[in-house]
Amino acid sequence: MSPKNLFRRALLLAALSTAFLGAHADTLDNIRAAKKIRVSIDLAVPPSGMTDANMKPTGSDYDVAVLLAKDLGVALEVVPTVGATRIPNLQTGKADIIISTLAYTPERAKVVNYSIPYAPQLSLVGGVKSLNVKSMADLAGKSVAVNRSTTQDKDLTENAKGATVVRYDDDAGVITAVVTGQADLVGTSSALFKTMQEKAPQRQLEQKFVLRVNDLGIGVRKDDPKLLAWINDWVKANHANGKLNEIFKKYHGADIPKDVVEKWVK
C-alpha cells in the first residue's frame, strides 16, 4: 500500500474512532461539559408536576430535578412532556433523564434503565359515589378514563374484562373529563385523584380500589452506566439525609414510609 493510501487509511480510522467514542460517550460527561442537564418532566400531573400562578414549573418531580441539578453543579433545563412521550424524549436525545412519575414496569425496563426509586405512587380506580365498584370485575360494562400509555392504562386494558378504557393524551384531559362529568370512573394516581376531588366536590368522588403501589424511578438510557451509577448514589444519599422525604411531604402531605425506603436502598 502506498504512503498516500496509508495516510488516507489512518485518517479514516481516526475519524471512525472519534465517531465511535463520541457515540458512546457517557451522558454524564456530556452534561458536565455542557453545564446543563435536560430533564423530561410532565407539568400537568399535580402535585408531581405543574405550573404556579406565574406559569413557572413547580411540583415534587420538579423539586427533585432542581435538587439533582444543584448537586451535580449544572443548570436545569425542563423538557416538557406527557406520559406517552417521556421515554421517546429520552431515546431520541431530547432529554438526558426522565423525572416524571415514571413507574417501574418490566416492559419499560426493556428500553430504559431505572434508578433506585426516589418516591412511591399509589395507583387506584376512583369514581362517583353512586357507582358500586369494588374490584376489576365490577368494571364490566362500564367506561374508565385513563391517561394513554400509563400503568393504569396497561392494568385496566389487561385485567378489566368487559370494561371500555377511554384514553386521553395527558392527565389534564383526564382531570377535565372527570371534573366536568364526561367520565364517572378513572384510573389514576392518588395524587391526581385528590386534585379531582378538590376541583369537583359536588361530584362526590371516592376511591374504589387500589390497582398497585408503584416505585417511581429516574429514567436513564440503557447505554449510560456512569450516569445511572451517579444517580443511584445521589438517590441513596438524599434518602439518607431526608431531602427526598422533605420534597415528597411538602407536596403529598405524608412521609415516604421508612420500610419502603429501607427496601429500596438495602
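Residues numbered from 1 in each chain as written. Predicted model: local features only at pLDDT ≥ 70, side-chain atom pairs only at ≥ 80, totals over all residues. Heavy atoms only, no water.

A. Summary view of the overall build of the chain. Regarding its fold elements, the chain presents 11 helices and 12 strands. Overall size of the chain, expressed as C-alpha extent along the three principal axes, is 85 × 40 × 40 Å. The 266 residues of the chain split such that 47% are buried. Contacts in the chain between residues far apart in sequence, at least 24 positions, make up 67% of those at least 6 positions apart. Accessible area for the chain stands at about 13300 Å²; split by element, carbon and sulfur atoms hold 55% of it. Considering the chain, the positive charge centre built from 35 side chains and the negative charge centre built from 28 side chains are found 4 Å apart. (Helix = DSSP H or I, 4+ residues; strand = E, 2+ residues; numbered from the N terminus. Buried < 20%, exposed > 50% of the residue type's maximum accessible area, 1.4 Å probe, protein only. Contact = heavy atoms within 4.5 Å. Areas by Shrake-Rupley, 256 points an atom, 1.4 Å probe, with all protein chains shown as cover. Lys, Arg positive; Asp, Glu negative; His and termini not counted. Charge placed at Lys NZ, Arg CZ, Asp CG, Glu CD.)

B. Fine view of the confidence of the model for the chain. Summing up the model confidence of the chain, the mean pLDDT is 89 and the portion of residues at 70 or higher is 91%. Within the model, pLDDT remains below 50 along residues 6–24, and this stretch shows two contacts once partners closer than five positions in the same chain are excluded. (pLDDT = per-residue confidence, 0-100.)

C. Spatial organisation of the packing of helix α7 (residues 171–179) against helix α8 (residues 190–199). With their axes 10 Å apart at the nearest point, α7 and α8 run at an angle of 40 degrees to one another. By the angle between their axes, α7 is oblique relative to α8. Helix-helix and strand crossings are classified by hand; for α7 and α8 the assignment is right-handed. Contact with α7, carried on its side by Asp171, Val174, Ile175, Val178 and Val179, involves Leu192, Thr195, Met196 and Lys199 of α8 and no other residues of that element. Looking at the contact of α7 with α8 residue by residue, the class counts come to six nonpolar, one polar and two charged. (Axes fitted to C-alpha atoms, helices over the stretch in contact; angles between N-to-C directions. Parallel < 35°, antiparallel > 145°, perpendicular 65-115°, else oblique. Left-handed = near helix turned anticlockwise from the far one by under 90°. Nonpolar A, V, L, I, M, F, W, Y, C, P; charged D, E, K, R; others polar.)

D. Seen up close, the pairing of strand β9 (residues 164–168). Summarising the sheet, strand β8 (residues 143–147) and β9 pair through five bridges and their orientation is parallel. Across the sheet, residue valine 144 finds its bridge partner in β9, namely valine 165. Of the crossover connections in this fold, the one passing from β8 over helix α6 (residues 151–159) to the parallel β9 is right-handed. (Pairing = 2+ DSSP bridges. Right-handed = clockwise from strand over helix to strand, strands pointing away.)

E. Just the environment of valine 133, in detail. Looking at the secondary structure, you find valine 133 in the loop between β7 (119–128) and β8. It is 6.0 Å that separates the C-alpha atoms of valine 133 and lysine 208, two residues lying 75 residues apart in sequence. With residues near it in sequence (within four places) discarded, valine 133 still touches Asp138, Leu139, Lys142, Leu185, Lys208 and Phe209.

F. Structural view of the nonpolar core. Of all hydrophobic cores here, the largest spans 36 residues; its most connected members are Ile37, Leu68, Ile97, Ile99, Ile218, Ile231 and Trp234. Looking at this core, the elements with two or more residues in it are α2 (27–34), β1 (36–41), α3 (60–72), α9 (225–240), α10 (243–252) and α11 (258–265). Aside from chain neighbours lying at most four places away, what touches isoleucine 231 is Leu68, Ile97, Ser115, Ile218 and Val220. Leu124, Val174, Ile175 and Met196 belong to the second-largest nonpolar core, a separate cluster that totals 15 residues. (Core = buried A, V, L, I, M, F, W, Y, C linked by side-chain atoms within 4.5 Å.)

G. Here's a closer look at the layout of surface pockets. Here the largest pocket defines a volume of roughly 560 Å³. Taken together, 39 residues form the lining of the largest pocket, with Ser48, Ser189, Ala191, Leu192 and His252 sitting closest to its centre. Elements that contribute at least two residues to the lining of the largest pocket include exactly α3, β7, α6, β10 (185–189), α8 and α10. Within the lining of the largest pocket, the residues separate by chemical class into 17 nonpolar, 15 polar and seven charged. (1 Å grid on protein atoms, 1.4 Å probe; cavity = no way out; pocket = protein on both sides within 12 Å on 5 of 7 lines; lining within 4 Å. Points joined across faces, edges and corners; volume = space filled by probe spheres on them.)

H. Geometry of the side chain of histidine 239. Note that histidine 239 resides in helix α9. A relative accessible area of 13% means that histidine 239 is categorised as buried. Ignoring anything within four residues of it in the chain, the contact list for histidine 239 reads Pro117, Tyr118, Leu244, Ile256, Val261, Trp264 and Val265.

I. Quick look at the packing of α2 against α9. Contact pair α2 / α9: the axes reach a minimum separation of 6 Å and the direction vectors enclose 75 degrees. Here α2 lies roughly perpendicular to α9, going by the angle between them. Facing Thr27, Leu28, Asp29, Ile31 and Arg32 of α2, the residues of α9 in contact are Lys226, Leu227 and Trp230.

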